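Secondary and tertiary structure notes
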Amino acid sequence: MTLFEFVLAFSSVISALALGHLLAGAVHILRRRHLVRFSLTHALWMYAILAMTMGNWAADWSLRALTEWPAWTVLWLITSKIAQYALCVFVTPEFRAEDEKIDLVAFYDREGRNVLWAMIAFCFIAFLFNIAFSGFYGSWLRDSVITIVAFAFTVLALIIRARWAQTVTAAAIAALSTYFLIATSTLGTG
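Now for the nonpolar core. Buried together is how nonpolar side chains tend to be arranged in soluble globular proteins. Formed by 34 residues in total, the largest nonpolar core has its most connected members in Trp 45, Ile 49, Leu 87, Val 91, Met 119 and Ile 173. When residues of this core are traced back to their parent elements, those giving at least two are helix 1 (3-31), helix 2 (40-59), helix 3 (71-91), helix 4 (104-159) and helix 5 (163-185). Counting residues per element, this core draws most heavily on helix 4, which supplies 14 residues. Discounting chain neighbours no more than four positions away, the residues touching Val 91 are Leu 22, His 42, Trp 45, Met 46, Ile 49, Phe 107 and Val 115. Formed by 8 residues, the second largest nonpolar core is a distinct cluster that contains Val 7, Leu 8, Trp 69 and Phe 129.

Okay, structure coming up:
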């Protein structure tokens, strides 16, 4: 096993736990759909974070070009995965009783700021990750455009609490995440 394979396996475990948490929550919602008050904003955020987590996992393949893995690079990669895990946890409602009503509108009203602040933290970590792994004068700007736009939309949602701003932000992040997932999933397939 190469050092890259070892590091990727370790970070993949964290990504898998994050995806598992998010997907278990989504399945719980689907199974109890007759008890759910739907929220488009919340659904967009769940999808966006799902696509983002999968895209970031796929993007890790490009790290195979690294020949050395100093401790700081491993720690920074793991930090980014932990931030992603936190995003998955914050966007996934906790469920208690079998017949409990699931009000996703109220959930987002109550927990949406946590999702937004976790997204801000993740964008900050992703931006520094791109600088660290791309080199400041290398491809960091190209690699950070999506992060910068996502950060701007998230700040918009923190400032403007209106429901339309929350939904526009969630839709924008979902679109960016979809693009990122498609772009990273097709790397090296040509």
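As a further point, take the side chain of Ser 144. The residue Ser 144 is located in helix 4 in this model. With a relative accessible area of 0%, Ser 144 lands in the buried category. A distance of 3.2 Å separates the side chain of Ser 144 from the side chain of Asn 130, its partner in a polar contact. Setting aside residues up to four positions removed in sequence, Ser 144 forms contacts with Phe 127 and Asn 130.

So, about the confidence of the model for the chain. For the chain, per-residue confidence averages 90 on the pLDDT scale, and residues scoring 70 or more make up 95% of the total. Across the chain, the secondary-structure element scoring lowest on mean pLDDT is helix 4, at 89, and the one scoring highest is helix 2, at 96.

To continue, consider helix 3. Here helix 3 spans 31 Å end to end across 21 residues, near enough to the 30 Å set by a 1.5 Å rise per residue. By the burial criterion, the buried members of helix 3 are Thr 73, Leu 77, Ile 78, Ser 80, Lys 81, Ala 83, Gln 84, Leu 87, Cys 88 and Val 91.

A word on the packing of aromatic side chains. In the structure shown here, the tally under the stated rule is 1 aromatic pair. With a centroid separation of 5.8 Å and an interplanar angle of 70°, the aromatic rings of Phe 4 and Trp 61 are classed as edge-to-face. On the criterion of sequence distance, the pair formed by Phe 4 in helix 1 and Trp 61 in the loop between helix 2 and helix 3 is long-range, its members being 57 residues apart. Among the residues examined, Phe 4 registers a relative accessible area of 10% and is labelled buried. You can call Trp 61 partly exposed: its relative accessible area is 43%.

It is worth spelling out the packing of helix 1 against helix 3 at this point. Contact geometry of helix 1 with helix 3 gives a least axis separation of 8 Å together with a crossing angle of 5°. In terms of orientation, helix 1 and helix 3 fall into the roughly parallel class. In contact with Val 7, Phe 10, Ser 11, Ile 14, Ser 15, Leu 17, Ala 18, His 21 and Leu 22 of helix 1, helix 3 contributes Val 74, Leu 77, Ile 78, Lys 81, Ile 82, Gln 84, Tyr 85, Cys 88, Val 89 and Val 91. In the contact of helix 1 with helix 3, the residues fall into 14 nonpolar, 4 polar and 1 charged.

Considered as a void within the structure, the largest pocket measures approximately 840 Å³ in volume. Among the secondary structure elements, those contributing two or more residues to the lining of the largest pocket are helix 2, helix 3, helix 4 and helix 5. With 14 residues, helix 4 is the single largest residue contributor to the lining of the largest pocket. Estimates place the volume of the second largest pocket at around 310 Å³. Lining the second largest pocket are 17 residues, and of these Pro 93, Glu 94, Arg 96, Phe 107 and Arg 110 sit closest to its centre. Counting residues per element, the ones that place at least two in the lining of the second largest pocket are helix 3, strand 2 (102-103) and helix 4. Among the elements that line the lining of the second largest pocket, the one with the most residues is helix 4, at 5 residues.

What counts and how
Residues numbered from 1 in each chain as written. Predicted model: local features only at pLDDT ≥ 70, side-chain atom pairs only at ≥ 80, totals over all residues. Heavy atoms only, no water. Core = buried A, V, L, I, M, F, W, Y, C linked by side-chain atoms within 4.5 Å. Buried < 20%, exposed > 50% of the residue type's maximum accessible area, 1.4 Å probe, protein only. Helix = DSSP H or I, 4+ residues; strand = E, 2+ residues; numbered from the N terminus. Contact = heavy atoms within 4.5 Å. Polar contact = N/O pair within 3.5 Å; in protein donor to acceptor, adjacent residues only side chain to side chain. pLDDT = per-residue confidence, 0-100. Expected span 1.5 Å × (residues − 1). Phe/Tyr/Trp six-rings, centres within 6.5 Å; stacked < 30°, edge-to-face > 60°. Axes fitted to C-alpha atoms, helices over the stretch in contact; angles between N-to-C directions. Parallel < 35°, antiparallel > 145°, perpendicular 65-115°, else oblique. Nonpolar A, V, L, I, M, F, W, Y, C, P; charged D, E, K, R; others polar. 1 Å grid on protein atoms, 1.4 Å probe; cavity = no way out; pocket = protein on both sides within 12 Å on 5 of 7 lines; lining within 4 Å. Points joined across faces, edges and corners; volume = space filled by probe spheres on them.

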